Amino acid sequence: MSVARISEIKASSTVSFDDALKAGLARATKTLKNVKSAWIVDQEVHVNDAGEISEYRVLMKVTFVLND
């Protein structure tokens with residue numbers, strides 16, 4: 001029997017939502033072992049004073065299996 005945990009991670013990028021997701025997963029896998037899946041809970045953008053998107057942010061939940 002496997003036991004899994006879920007960790008909530010927020011990541012950002014100045015390029016795109018996809019880039020923010022990849023950056024968050026890359027950072028998560030440096031610390032967490034046996035990462036199996038992730039899902040996006042929320043997305044948001046930060047807008048600068050000129051009304052342009054300056055940052056893309058994702059809130060994700062990452063599932064990883066605990067070692068026996």
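An account of the accompanying structure is given in this report. (Residues numbered from 1 in each chain as written. Predicted model: local features only at pLDDT ≥ 70, side-chain atom pairs only at ≥ 80, totals over all residues. Heavy atoms only, no water.)

1. Brief notes about the sheet that holds strand 3 (residues 53-65)
The three strands are arranged 1-3-2 in an open sheet whose pairing can be described as antiparallel. Of all the strands in the sheet, just strand 1 (4-13) and strand 2 (35-47) have a single pairing partner and so form its edges. On average, adjacent strands in this sheet sit at an angle of 15° to one another, irrespective of strand direction. Two strands pair when backbone bridges link them, and strand 2 and strand 3 are joined in this way by 11 bridges, in the antiparallel orientation. What sits directly across from Ala-38, in strand 3, is Val-62. Against the sheet, helix 1 (residues 17-31) touches strand 1, strand 2 and strand 3, its axis set at about 40° to strand 3. (Pairing = 2+ DSSP bridges. Helix = DSSP H or I, 4+ residues; strand = E, 2+ residues; numbered from the N terminus. Axes fitted to C-alpha atoms, helices over the stretch in contact; angles between N-to-C directions. Contact = heavy atoms within 4.5 Å.)

2. Overview of the side chain of Ser-13
Structurally, Ser-13 can be placed in strand 1. Classification of Ser-13 as buried rests on a relative accessible area of 5%. For Ser-13, the side chain forms a polar contact with the main-chain nitrogen of Val-15, separated by 2.9 Å. Sequence-distant contacts of Ser-13, that is, excluding residues within four places in its chain, are made with Asp-19, Ala-20, Glu-55 and Tyr-56. (Buried < 20%, exposed > 50% of the residue type's maximum accessible area, 1.4 Å probe, protein only. Polar contact = N/O pair within 3.5 Å; in protein donor to acceptor, adjacent residues only side chain to side chain.)

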